[in-house]
Each structure stands twice: as structure tokens, then as C-alpha cells.
Amino acid sequence: MTLHQNLINGEWAGGDAIPNINPSNTNDVVGQYARATAEDTLSAIAAAKAAFPAWSRSGILERHAILRKTADEITARKDELGRLLSREEGKTLPEGIGETLRAAQVFDFFAGEVLRLAGEVLPSARPNIGIEITREPVGVVGIITPWNFPIAIPAWKIAPALAYGNTVVFKPAELVPGCSWAIVDILHRAGLPKGVLNLVMGKGSVVGQTILDSADVNAITFTGSVGTGKRVAAASVEHMRKFQLEMGGKNPFVVLDDADLNVAVEAAVNSGFFSTGQRCTASSRIIVTEGIHDRFVAAMTERLKSVVVDDALKAGTHIGPVVDASQLKQDEDYIAIGQKEGAKLAFGGERLTRDNPGFYLQPTLFTEATNQMRISREEIFGPVASVIRVRDYDEALHTANDTPFGLSSGIATTSLKYATHFKRNAEAGMVMVNLPTAGVDFHVPFGGRKGSSYGPREQGKYAAEFYTILKTAYTLA
Ligand code: NAD
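Remember, it's a predicted structure, so these values are computed and weren't measured experimentally. (Residues numbered from 1 in each chain as written. Predicted model: local features only at pLDDT ≥ 70, side-chain atom pairs only at ≥ 80, totals over all residues. Heavy atoms only, no water.)

Undergrad: Tell me about the overall build of the protein chain, and name the residues and values.
TA: When its secondary structure is counted, the protein chain shows 15 helices and 23 strands. With respect to the principal axes defined by its C-alpha atoms, the protein chain has extents near 70 × 65 × 40 Å. The buried share of the protein chain, reckoned over its 477 residues, is 57%. Of the contacts made within the protein chain by residues no fewer than 6 positions apart, 73% connect residues no fewer than 24 positions apart. As displayed, the protein chain has an accessible area near 18,900 Å², and 54% of this comes from carbon and sulfur atoms. A distance of 3 Å separates the average location of the 48 positive side-chain charges in the protein chain from that of its 52 negative side-chain charges. (Helix = DSSP H or I, 4+ residues; strand = E, 2+ residues; numbered from the N terminus. Buried < 20%, exposed > 50% of the residue type's maximum accessible area, 1.4 Å probe, protein only. Contact = heavy atoms within 4.5 Å. Areas by Shrake-Rupley, 256 points an atom, 1.4 Å probe, with all protein chains shown as cover. Lys, Arg positive; Asp, Glu negative; His and termini not counted. Charge placed at Lys NZ, Arg CZ, Asp CG, Glu CD.)

Take a look at the structure:
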């Protein structure tokens, strides 16, 4: 089986490899992927540092062409890469292809942004002086990504980093190196000069930690768990470097008495269970006012009966497997905790057996949950959601905001008054009305508040805030 190596200073390198296992069928090895050592990572950082002066001054047409070519190749290979994604991560094939196309759109968008780079010219407060405000690249950017969006998250970090003239040391999640390797290979062949983009696959405690500890890394963009995010923050403060964190969520989805029941149920099922509930924007707290509560729970449990959990690559599958054995254990532990805390298991809760050995779990719905239970406060990151009954809109809003997180917040209502009030008062980076809490566009800001995020937003033109530094120049006329 081909060994997929790391890319360091324009050369494929690295020997020690681990298998990439398909969670739908643990007998299926997706490929062998090299693991970088601390020394490899230091070489990658040195290569990125050496490549920075030339790349930061490279022509905008060169950068535009490489990013465009990358977008085109990803689009042309969407079925193959989408399949690879579903095979290594376990989301369904339509989701895998959709995410692959999203990555192409992101490269396309930032190819355009390269051509739109601009500054400002202002008069000074003093006579005969002109002021220019420009954006400059930050330097070497460390990119550390999680397993749950194997192609979209690497794309939405790598594309702006390169577009704005930074060089990159990229460390993907250990569970899903396949899509990351593929997009680095595409960018490399599209003509990136050596050292501009370096791929170092491997362990967080080795590769990731070496990036955190290096004084030559000028900025780190991280998506992953709160615990690792805090390490990134602490190490970055030590080096006085820029950092950006996208972390967990415990996103609420409010259903009001006046909601369209079908809209509410479809949005809640999508939010809670699609992509196996393994989305940072998934909703695991469904907050329902008492006038619609019983009808909503009845419709929701009925709807869940028709959800098909099976091999991610099989036609007709709605929900693929959980990503690995340890995540499955975490999901089952929380299901046991929920029952012990007194929530009622209204649907699911059991492992499933399918044709091939994999990590299959029923979508699981608790009712009679309170917002103080651990299942309502801690991120489970699996297909497990709870219904919390509330009196009215005011209690629903209070409950929605009563969480240490603040990524996405949704409401199902036909009332303009409540929709407007909720958009203004939800303590979250993203608010959805009559839509699932997950599912966002690529050209607008993405990010949260409170314990979910730290630093400037990702995506769209707002990405420039993180990937550039402002310079103000004064000239005597
Ligand atoms: P994780 O924190 O375990 O790992 C994330 C990355 O950090 C991986 O590449 C890992 O190898 C690396 N890492 C681990 N230890 C490290 C260390 N000591 N130093 C440097 N790097 C280290 O997270 P995960 O389990 O891969 O991802 C799931 C989490 O990601 C969930 O909490 C989810 O909510 C979050 N997430 C957030 C967003 C968002 O945009 N807010 C998006 C997707 C996922």
C-alpha cells in the first residue's frame, strides 16, 4: 500500500507510518500515512521561515493562479475526494462530496481575494503629511485542525494563509490525514514554491506541541477541543504571537409554540444528528415551550424511526458511524450519565450491528432533561440530543444563553417579533431562524463567543484580520 509522506521544504519525506482506518468498516485500511517527528516539524518550520520573504512579496497573479488551479482540481475530483472523506471520517457520501465542494469554493473565494487586496490612503491631522494603511502577512502560520471536517477546515485556513502571503506549517488531525494529504499534494503540484506549505502529519503531543513551542511560528490558527485550545493559547501568550481558536459548542435550538412543526422537526433532526452529531455547530439542546412540547416530541421520535444508520458509502444512509472507538465510548458514557441524572431516554441509545464491523450508534434523544444536567452542559460530540421543556419565550432565551459556549444558536418560530428579538439577544456568533444550527456559507464570517472561540473570525473577507497585520505609514509630502 502506498505510503503517504509528509511534505517538508518541497520534498515528500518520512518513514514511520500508521494506517488510516475506515470507521464504517474497520477491516478497510484507507491508506498508510507517515508520522512526523519533532525534528521533522522543526525542519518544516525552518523551511516555512526561509520561504517567507520571497512568498510574502510574490506577485498577486502567481498566488491567484495557484489557488484557482487548486479550486478547479478539487472540483474536478469531488466524487473521488468526497469518497475518501466519507471513508476516513464516516460522514455520508453526499455530505463528503458536499464538504469537498465547499473546500473548492473556499480556494476559489481566496483566489479572488488575492486580486482585491487593498489599503487606505488618508490625510494626516498634521499639514503636508500623508498616511497609508496597508495589510502585511504575519509570517509563518501554524495550522492545527480537528478530525470532523477533514477537508473544509484545512481549506478555510490554508487558502487565506497563502492568499495573504504567509507560509504554512500544517498539522492535520491524526484520524483523518487522507484529505489533508490530497489538498497539499494538489497545492504542491499547482506550483507552490518549496517551503511555502509544509505538511506534518502525526501526533498532537509531538507535532502539534513542537509547533506550539517554536519561537519561529508567528501565528497559530487552531480548531479542536477546549482543552487543546487552552494549551495553544498559553503557549502563544508565552511567545507573544497571534492566535485564533475555534472550539466546542453546546448549541441550543429553541422551538416555540407558534413554530411550523415540520420545519422545527427537520431542523432539529439535522442539527442534532446529521454528520453523526459530530459538528461543532450541532445542536444537542432542544429547548421547547410547553404548548408544543408533547406534539414536538411525538413528531421527533416518529421522524427518528425513519433515519437510516449504516455504512457512510452506502446509498440511502442518513447517518454514518461514530468516528472511532474512543468517541463511541464517550457517547455511550454520556448516554449512561443522562439516564443516571434522570433524563428520559425517548429514542435510541443502543449500538447497532451492520454488515461490516464499525462504530454504529442509534440517534439518541433524551426528554425531560434540565439545563443543569451534564448532558446539557458538556459537549458530547455524538448523535445524542436532549429536549428541555420551558414555559415561554423568555425562559427559552435564558436557557439558550445559559451555557459556557456560544457558537451557533437556532430558533423555530413563525413570529417576527420573537425571531427579531432572538437574533439580537442570542449570545452566539451565529444565529439561525427556522434553519438548523449547522450549515453555514463560505463567504461570511464563521465563529463564536464565550468558550467556543477566541480571536478574529474565520472565512470570508474577515479572515484578513487574522492572516495580516496592519501597518500605518506617514510620509512628509
Ligand atoms: P482535539 O483538540 O483533540 O484535536 C485538535 C487538533 O489538535 C488535532 O490535530 C490534534 O492532534 C491537535 N493536538 C492535540 N494535542 C495537541 C498539543 N498538545 N499541541 C498541539 N496540538 C495538539 O480536537 P478533536 O477531537 O480533533 O476535534 C473535536 C473538537 O473540535 C470538538 O470539541 C469540536 O467542537 C471542535 N470543533 C470546533 C469547530 C469550530 O469551528 N468551533 C469546528 C470543528 C470542530
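More follows now that the structure is in view.
Undergrad: Can you explain the nonpolar core? Please cite residues and give values.
TA: By size, the foremost hydrophobic cluster in this structure holds 62 residues, and its most contacted members are L67, F107, F110, I158, L162 and L187. Considering every element that reaches this core, the biggest residue donor is helix α5 (residues 152-163), with nine residues. Counting contributing residues per domain, this core is built from domain 1 (3-247 + 452-476) and domain 2 (251-433), each supplying no fewer than three. Ignoring any residue separated from it by four or fewer positions in sequence, one finds I158 in contact with F107, I143, F170, I183, L187 and L197. (Core = buried A, V, L, I, M, F, W, Y, C linked by side-chain atoms within 4.5 Å. Domains from an automatic or database assignment.)

Undergrad: For the site of the ligand, give the residues involved together with the corresponding values.
TA: Around the ligand sit 27 residues in total, of which T145, S225, T228, M247 and E379 are the nearest. Measuring from an oxygen atom of the ligand, one finds a backbone N or O atom of T145 at 2.7 Å. Interatomic distance of 2.6 Å between a side-chain N/O atom of S225 and an oxygen atom of the ligand. Elements with a contribution of two residues or more to the shell around the ligand: α7 (204-213), β11 (219-223) and α8 (226-239). (Near = heavy atom within 4 Å. Polar contact = N/O pair within 3.5 Å; in protein donor to acceptor, adjacent residues only side chain to side chain.)

Undergrad: Account for the environment of R377, naming residues and giving values.
TA: Within the element layout of this structure, R377 appears in helix α12 (residues 374-377). Overall, the relative accessible area of 22% leaves R377 in the partly exposed class. Along the chain, R377 and F405 lie 28 residues apart, while their C-alpha atoms are 8.9 Å from each other. When near neighbours in sequence (up to four residues on either side) are disregarded, R377 contacts K250, N371, Q372, D402, T403, P404 and F405.

Undergrad: Explain the sheet that holds strand β7 (residues 129-137) residue by residue, including any values.
TA: Ordered in space as β6-β7-β23, the three strands form an open sheet in which the pairing is antiparallel. Whereas interior strands pair on both sides, the edge strands pair on one side only; in this sheet they are β6 (120-123) and β23 (468-476). The average angle at which neighbouring strand axes cross in this sheet is 25°, direction not considered. Two elements, β7 and β23, share nine bridges in a ladder whose sense is antiparallel. Each residue of the ladder has a partner; that of I129, found in β23, is L476. (Pairing = 2+ DSSP bridges. Axes fitted to C-alpha atoms, helices over the stretch in contact; angles between N-to-C directions.)

Undergrad: Residue-level account of the sheet that holds strand β5 (residues 25-34), with values.
TA: If you walk across this open sheet you meet the three strands as β1-β5-β4, and the pairing is mixed. Both outer strands of the open sheet, β1 (3-4) and β4 (17-22), are each paired with one neighbouring strand and no more. Direction of pairing for β1 relative to β5: parallel, over a ladder of two bridges. By the bridge assignment for β5, H4 is matched with Y33. Against the sheet, helix α3 (residues 78-89) touches β4 and β5, its axis set at about 110° to β5. Here helix α6 (residues 177-189) sits on the sheet in contact with β1, β4 and β5, set at roughly 40° to β5.

Undergrad: Explain the side chain of T210 residue by residue, including any values.
TA: Of note, T210 is situated in helix α7. Those residues within four positions of T210 in sequence are excluded, and the remaining contacts are A38, T41, L42 and I45.

Undergrad: Break down the pattern of salt bridges for me, with residues and values.
TA: Tallied over the full model, the rule gives 27 salt bridges. Between R68 and D108 there is a salt bridge, with the nearest N and O atoms lying 2.4 Å from each other. Placement of R68 in helix α2 (residues 60-76) and of D108 in helix α4 (residues 93-115) is noted, with a sequence separation of 40 residues between them. When the shortest N-O distance is used, the salt bridge between E332 and R351 registers 2.9 Å. Separated by 19 residues along the polypeptide, E332 in helix α11 (residues 325-341) and R351 in strand β16 (residues 351-352) bring together distant segments of the chain. Judged by relative accessible area, which is 25%, E332 ranks as partly exposed. Beyond isolated ion pairs, a larger network of salt bridges with shared partners links E73, R77, E80, D185 and R189. (Salt bridge = Lys/Arg side-chain N within 4 Å of Asp/Glu carboxyl O.)

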